[in-house]
2 protein chains.
Amino acid sequence: MKKITRRSFLANTSLAAAAVTLPALPDMEKTKKTIFIHHVYFWLKNPGNEADRAKLMEGLEGLSAVPTIKMCHIGTPADTNRGVIDRSYAISWLCFFKNKEEEEIYQKHPIHLKFVENYAHLWEKVIVYDSEGPKR
Amino acid sequence: MKKITRRSFLANTSLAAAAVTLPALPDMEKTKKTIFIHHVYFWLKNPGNEADRAKLMEGLEGLSAVPTIKMCHIGTPADTNRGVIDRSYAISWLCFFKNKEEEEIYQKHPIHLKFVENYAHLWEKVIVYDSEGPKR
């Protein structure tokens, strides 16, 4: 079957003459759906302190209320233990956003600012990996 | 309203006498739904080589066929750039599994072994973070 392109469609219809007034085709690069993944690993100041860990988890529960978060998950290291696995962190905080702009809204959201203000004293180190890619 | 416990239910029914033959209540700790999150970051041997990056992404596309993977995502570093963000890696590979056992099946699956055999020459370093936590 012949592939129908915009050009052949226009050439084969009476709309050809009106081509200049047709709206531009959407930019496929811009409309391609992506996901923005924000994954944060926290190391506690008192690594073995379960009360501190629980407190930070409680803080993250509150943080999950930021409305631009599409999905989030609070985790702790699994008991897998191969050479390439880093299990030295205390808490994993994974968030999905629609795009970078929605993650920026999260960064500046009052709930996020309050979270940092109230809980930052608990952690010693944070590593963030932000990644993007097409939605599957 | 009075809270109905197993004890009060049994006390208030003619089944009380048959209590010993009732099956044990499920262990709530065991039946609580969790997610196992396997997040791998790859650093390429030739970091700026887009052909190598594309090849590894193609490999991961194939790897996504392992049947115990509930959800997966292939990403590249977003262009966010704060001090705590590590954007030195080339590819992010995020997978959700039902539990640790299903991730173990993935580790030993022929598709995974073949992936390592065919693509490991491309990467210089890999960091894996495995985390678990209740499903939200």
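Computed from a predicted structure; not experimentally measured.

### Digging into the overall build of chain A
The number of helices and strands found in chain A is five helices and four strands. Written out in order from the N terminus, the α and β elements of chain A read α-α-β-α-β-β-α-α-β. The 136 residues of chain A split such that 21% are buried.

### Quick look at the relation of the copies chain A and chain B
Rotating chain A by 180 degrees about the axis while translating it 0.0 Å along that axis superimposes it on chain B, leaving an RMSD of 0.0 Å. Here the symmetry operator amounts to a two-fold rotation axis. Minimal C-alpha separation from the rotation axis in chain A is found for A:His39, amounting to 4.6 Å.

### What about the pairing of strand β2 (residues 71-77) of chain B?
Bridge count between strand β4 (residues 123-134) of chain A and β2(B): two bridges; the pairing is antiparallel. Along β2(B), the bridge assignment pairs A:Glu132 with B:Thr76. In this structure, β2(B) lies alongside strand β3 (residues 91-97) of chain B, joined through five bridges in antiparallel fashion. Looking at the pairing, B:Cys72 lines up with B:Cys95 of β3(B).

### Considerations on the interface of chain A and chain B
Frequently, the measure chosen for interface size is the accessible area that the parts lose on association. Taken together, the contacts link 27 residues of chain A with 27 residues of chain B. When contributions to the side of chain A that touches chain B are tallied by element, the ones reaching two or more residues are β1 (34-44), β2 (71-77), β3 (91-97) and β4 of chain A. Here the side of chain A that touches chain B is built from residues that sort into 14 nonpolar, eight polar and five charged.

### Some words on the packing of helix α3 (residues 50-63) of chain A against helix α5 (residues 110-119) of chain A
Angle between the axes and distance between the axes are the two parameters that describe a pair of packed helices. Residues and elements named next belong to chain A. At their nearest, the axes of α3 and α5 sit 9 Å apart, and the two run at 170 degrees to each other. One way to sum up the angle between α3 and α5 is to call them roughly antiparallel. Between α3 and α5, the residues in contact are Leu56, Gly59, Gly62 and Leu63 and Ile111, His112, Phe115, Asn118 and Tyr119, respectively.

### Regarding the pairing of β1(A)
All names here are of chain A. Note: β1 against β4, 11 bridges, orientation antiparallel. Directly across from Thr34, in β4, lies its bridge partner Pro134. Here seven bridges tie β1 to β3, and the two strands are oriented antiparallel to one another. Paired with Phe42 across the bridge in β3 is Ile91.

### A few points about the sheet that holds β1(A)
An order of β1(A)-β3(A)-β2(A)-β4(B)-β1(B)-β3(B)-β2(B)-β4(A) is seen for the eight strands of this closed barrel, with the pairing classed as antiparallel. Going across the sheet, the axis of each strand differs from the next one's by a mean of 30 degrees, ignoring polarity.

### Regarding the environment of B:Gly59
Residue and element names in this part refer to chain B. Inspection of the secondary structure puts Gly59 in helix α3 (residues 50-63). Gly59 gets classed as buried once you count the C-beta atoms within 10 Å, which come to 20. Between the alpha carbons of Gly59 and Lys100 there is a distance of 23 Å; along the sequence they are 41 residues apart. Apart from the residues within four sequence positions on either side, Gly59 is in contact with Phe115, Asn118 and Tyr119.

### Considerations on the environment of B:Lys98
Along the chain, B:Lys98 falls in the loop between β3 and α4 (100-108). Not counting the four nearest positions on each side in its chain, B:Lys98 is found in contact with B:Phe36 and B:Lys70.

### Focus on the confidence of the model for chain A
In the predicted model, chain A carries a mean pLDDT of 85, and 77% of its residues have values of at least 70. With a pTM of 0.78, the predicted complex shows an ipTM of 0.78.

### Observations regarding the nonpolar core
Ranked by size, the top nonpolar core spans 38 residues in total, and within it A:Phe42, A:Ile91, A:Trp93, B:Phe42, B:Ile91 and B:Trp93 carry the most contacts. Those elements giving two or more residues to this core turn out to be β1, α3 and β3 of chain A together with β1 (34-44), α3 and β3 of chain B. Excluding its chain neighbours within four sequence positions, the residues that come into contact with A:Trp93 are A:Val40, A:Phe42, A:Leu60 and A:Ile74.

### Topic: the environment of A:Gly48
With respect to the helices, strands and loops of the structure, A:Gly48 is situated in the loop between β1 and α3. Considered as a pair, A:Gly48 and A:Gly83 are 35 residues apart in the sequence and their alpha carbons are 22 Å apart.

The rules behind the values
Residues numbered from 1 in each chain as written. Chains lettered and ligands numbered in written order. Predicted model: local features only at pLDDT ≥ 70, side-chain atom pairs only at ≥ 80, totals over all residues. Helix = DSSP H or I, 4+ residues; strand = E, 2+ residues; numbered from the N terminus. Buried ≥ 20, exposed ≤ 12 C-beta atoms within 10 Å, placed from the backbone. Least-squares fit on C-alpha atoms with pLDDT ≥ 70 in both. Pairing = 2+ DSSP bridges. Contact = placed C-beta atoms within 7 Å. Nonpolar A, V, L, I, M, F, W, Y, C, P; charged D, E, K, R; others polar. Axes fitted to C-alpha atoms, helices over the stretch in contact; angles between N-to-C directions. Parallel < 35°, antiparallel > 145°, perpendicular 65-115°, else oblique. pLDDT = per-residue confidence, 0-100. Core = buried A, V, L, I, M, F, W, Y, C linked by C-beta atoms within 7 Å.

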